[in-house]
Amino acid sequence: MRLAAFERLVFTPVFATLLSQRRDGLILVGVGAIQVGLHLAGLPGWQCPIKAITGLPCPGCGLTEAVGDLLHGDWRGAMAAHAFAPLFLLAFILLLIVSVLPEAARQRTVAIIATCEQRTGLMAWVLFSLMVYWGFRLFGLV
Amino acid sequence: MLSWIGMIIAWVAGIVVLVKLFQKEGILKGILGLICMLYTFIWGWMNFKKEELQLKTWMYVWTAAIILGIILSLLGSGGN
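The structure presented is a predicted model; accordingly, all values stated were derived computationally and were not measured.

Reading guide: rules and limits
Residues numbered from 1 in each chain as written. Chains lettered and ligands numbered in written order. Predicted model: local features only at pLDDT ≥ 70, side-chain atom pairs only at ≥ 80, totals over all residues. Heavy atoms only, no water. Helix = DSSP H or I, 4+ residues; strand = E, 2+ residues; numbered from the N terminus. Buried < 20%, exposed > 50% of the residue type's maximum accessible area, 1.4 Å probe, protein only. Lys, Arg positive; Asp, Glu negative; His and termini not counted. Salt bridge = Lys/Arg side-chain N within 4 Å of Asp/Glu carboxyl O. Patch = residues over 30% accessible without salt bridge, like charges linked within 9 Å, V, L, I, M, F, W, Y side chains within 5 Å. Areas by Shrake-Rupley, 256 points an atom, 1.4 Å probe, with all protein chains shown as cover. Phe/Tyr/Trp six-rings, centres within 6.5 Å; stacked < 30°, edge-to-face > 60°.

Explain the side chain of D69 of chain A to me, and be specific about the residues and the numbers.
Summarising the element assignment, D69 of chain A is placed in helix α5 (residues 63-71). One buried charged side chain, D69 of chain A, makes no salt bridge at all; its nearest oppositely charged neighbour is R137 of chain A, positioned 11 Å away.

Quick look at the structure:
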């Protein structure tokens, strides 16, 4: 029973549901691009409410800086800021591409990604890994 | 002082919306929202018309607190 619930949790498509709505995808990409753009321009952007109050980084803290470093070709800096930055950048590029595809091609791509997620549980493993990575960061192990 | 009040308000509103995200979309999207509070914020605005979620007030409060924070940091005063 518990195993079935765990399997349902892990193998439920997450990224595909983000891709399934064109408008939502474009909004996410647009806001993400604005955030990185503000960071690169040295302007104040989105501030993590968790870090602002507790002083502790949330699991995603450092991603904006890391993606900015990646766009400048600074892999070492990006890895130091957040090791998951390449995955997030890849996801955003995929989100952008899928969001601007013609409807039929978009739906086919979403279906392929959903199937991939249902078979591998990839997104769930990435998210769980990120939580583990966050734990390591909190204890200064990375 | 003003920036601190704004941050606390933003934090409370953010946590409330994050809890609603967990409840509505499940654990994985909830984790995604925790990783990226910006996603939680966008999700809140995308769903704020859904009466059952009761997000309207929280989203207005959260957004106002964020705008206040940005204005204060642009002014460079920190509200002190």
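So what's going on with a nonpolar patch on the surface? Which residues, and what values?
Judged by side-chain polarity, L56, V132, F136, L138, F139, L141 and V142 of chain A come together as a nonpolar surface patch covering roughly 740 Å² of accessible area. Along the polypeptide, F139 of chain A turns up in the segment after α9 (122-138).

So what about the packing of aromatic side chains? Which residues, and what values?
According to the stated counting rule, one finds 9 aromatic pairs over all chains in the structure shown. Taken together, a centroid distance of 5.2 Å and an interplanar angle of 50° make the contact between W46 of chain A and F41 of chain B tilted. Of the two residues, W46 of chain A is situated in the loop between α3 (22-40) and α4 (49-54) and F41 of chain B in helix α3 (residues 37-46); the pairing between them involves two chains. Judged by its relative accessible area of 17%, W46 of chain A is buried. Exposure remark for F41 of chain B: the relative accessible area of 14% places this residue in the buried category. Taken together, the aromatic side chains of F6, W125 and F128 of chain A make up a single cluster linked through ring pairs.

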